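Next come the chains, spelled out residue by residue.
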Amino acid sequence: MNAEKDRYPYGNANGPKGPETTGERSATVLLVDGMATLFRAYYATAGSGDVVRTRTGVPVNGIHGFLRLLGAAVSAFRPTHVACCWDREEATFRAAQYPGYKAHRPETPPDLVPQFGLIREVLDRFGIPNVSAAGYEADDCLGTLARRFRKEAAVYVLTGDRDLLQLVDERVRVVLFQNGPVRFKVYTPALVLEETGIRPDQLTDLKGLMGDRSDNYPGVAGIGAKTAVRLLREYGSVDGILANLDQLSPSLRRKIEADLDMLHLSRRLATLDCAAPIGLKLADCRWQADRARVTDVCEALGFRDRLRWIG
């Protein structure tokens, strides 16, 4: 497989394999990480102090940027179905397992707070389902829908979160935002292997060993990315490493044995729960926006970009 060719397949033959069809266009699902998309859209302009507001003073710069990213993705991947996943305010099962999980995250900027509810209303007007589940993160919802819909369609997951690369397989592509003229980078199994040195299904074991500073869990003290990748390439998994502890250097063995509980906990924290209680079916998220409803809400928000991508 040519990794360079696979970076930007945008709906062509190098995209995820969908079900065989006869006559009709095969189904393609775009699953949007609402949290990552809105945060990226907001900070793209807020850093310069450029916070766009409606005539009544409501901040909407994040919503404008969100719609531009959504429009670019719809144009690029031509989905037949779209859904958007969100975090909820309640604590998640990961926080219950490890109170320090994401505990150091900064407060949400005041100008962004009202845009979370408003963008959901906007997506309702677009006919895009807003998906969440109590006790679960948006990532778990994305994983649940990707695993469910991959049986019926080719799946693209739009996000800025590399944790979702664990979902990549022959039927699921993870699309990461990029700076510059090319807005997206499409991850295939080959590209994940090229960039990380390991397979997508080994990424949670990697986090178990090295931890994740962004999410504030430590992994095994003294083991970094290079050592973790080397161990996984040699032994395949955390379980494989533990079965061969006698083959490791004395210092490395001591590190793992001293942090064995945290190793297992970190791996659990990194692993998406792809069985979140979500009732959404593929038919519920068919992409068929009503231009009149969309135009009305965009005018109310002062969003004047062309909307050719809504069909």
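Higher on the page you've got the structure.
Since the structure is predicted, the reported quantities are computational estimates derived from the model, not experimental observations. (Residues numbered from 1 in each chain as written. Predicted model: local features only at pLDDT ≥ 70, side-chain atom pairs only at ≥ 80, totals over all residues. Heavy atoms only, no water.)

### A word on the overall build of the chain
Tallying secondary structure elements over the chain gives 13 helices and six strands in all. Relative to the globule expectation of 19 Å for 311 residues, the C-alpha radius of gyration of the chain, 21 Å, shows essentially globular dimensions. With the principal axes as the frame, the chain shows a C-alpha extent of 70 × 50 × 35 Å. In the chain, 71% of the contacts between residues at least 6 apart in sequence involve partners at least 24 apart. Accessible surface for the chain amounts to roughly 14,900 Å². Of this, 48% is attributable to carbon and sulfur atoms. If you average the places of the 42 positive and of the 39 negative side-chain charges in the chain, the two averages end up 4 Å apart. (Helix = DSSP H or I, 4+ residues; strand = E, 2+ residues; numbered from the N terminus. Rg over C-alpha atoms; globule rule 2.2 N^0.38 Å. Contact = heavy atoms within 4.5 Å. Areas by Shrake-Rupley, 256 points an atom, 1.4 Å probe, with all protein chains shown as cover. Lys, Arg positive; Asp, Glu negative; His and termini not counted. Charge placed at Lys NZ, Arg CZ, Asp CG, Glu CD.)

### Comments concerning helix 5 (residues 113–126)
When we look at burial in helix 5, the residues that qualify are Q115, F116, L118, I119, V122, L123 and F126. Buried residues along helix 5 sit against helix 2 (34–46), helix 3 (61–77), strand 2 (81–85), strand 3 (130–131) and helix 13 (291–300). Backbone geometry just after helix 5 places G127 at a positive phi near 80 degrees. (Buried < 20%, exposed > 50% of the residue type's maximum accessible area, 1.4 Å probe, protein only.)

### Observations concerning the pattern of salt bridges
Taken as a whole and judged by the stated rule, the model has 17 salt bridges. With a closest N to O distance of 3.0 Å, R150 and D169 form a salt bridge. A residue pair is termed long-range when its members are at least 10 positions apart, and R150 in the loop between helix 6 (138–149) and strand 4 (154–159) and D169 in the loop between strand 4 and strand 5 (172–177) qualify at 19 residues. (Salt bridge = Lys/Arg side-chain N within 4 Å of Asp/Glu carboxyl O.)

### Things to note about the packing of helix 2 against helix 5
With their axes 11 Å apart at the nearest point, helix 2 and helix 5 run at an angle of 125 degrees to one another. Relative to helix 5, the element helix 2 lies oblique. Two packed elements cross with a definite hand, and for helix 2 against helix 5 that hand is right-handed. Between helix 2 and helix 5, the residues in contact are M35, L38, F39 and Y42 and Q115, F116 and I119, respectively. Counted by class, the contact of helix 2 with helix 5 contains six nonpolar, one polar and no charged residues. (Axes fitted to C-alpha atoms, helices over the stretch in contact; angles between N-to-C directions. Parallel < 35°, antiparallel > 145°, perpendicular 65-115°, else oblique. Left-handed = near helix turned anticlockwise from the far one by under 90°. Nonpolar A, V, L, I, M, F, W, Y, C, P; charged D, E, K, R; others polar.)

### Quick word on the pairing of strand 5
Where burial is concerned, most of strand 5 is hidden: six out of the six residues are buried. Burial along strand 5 is two-sided: V172, V174 and L176 and R173, V175 and F177, pointing in opposite directions, are all buried. Pairing between strand 5 and strand 6 (residues 184–187): four bridges, direction antiparallel. If you follow V174 over to strand 6, its bridge partner there is Y187. A loop of six residues connects strand 5 with strand 6, the two strands running antiparallel in sequence, and G180 in this loop sits at a positive phi of about 100 degrees. (Pairing = 2+ DSSP bridges.)

### Points about the nonpolar core
Grouped together as the largest cluster of nonpolar side chains are 95 residues, with contacts concentrated most on L30, L31 and F126. The element that contributes the greatest number of residues to this core is helix 3, accounting for nine residues. Beyond its immediate stretch of four places on either side in the chain, L31 contacts A83, L142, L145, A146, F149, V155, Y156, V157 and L158. If you look at the next biggest cluster of nonpolar residues, it comprises six residues, including Y101, M262, L265 and L269. (Core = buried A, V, L, I, M, F, W, Y, C linked by side-chain atoms within 4.5 Å.)

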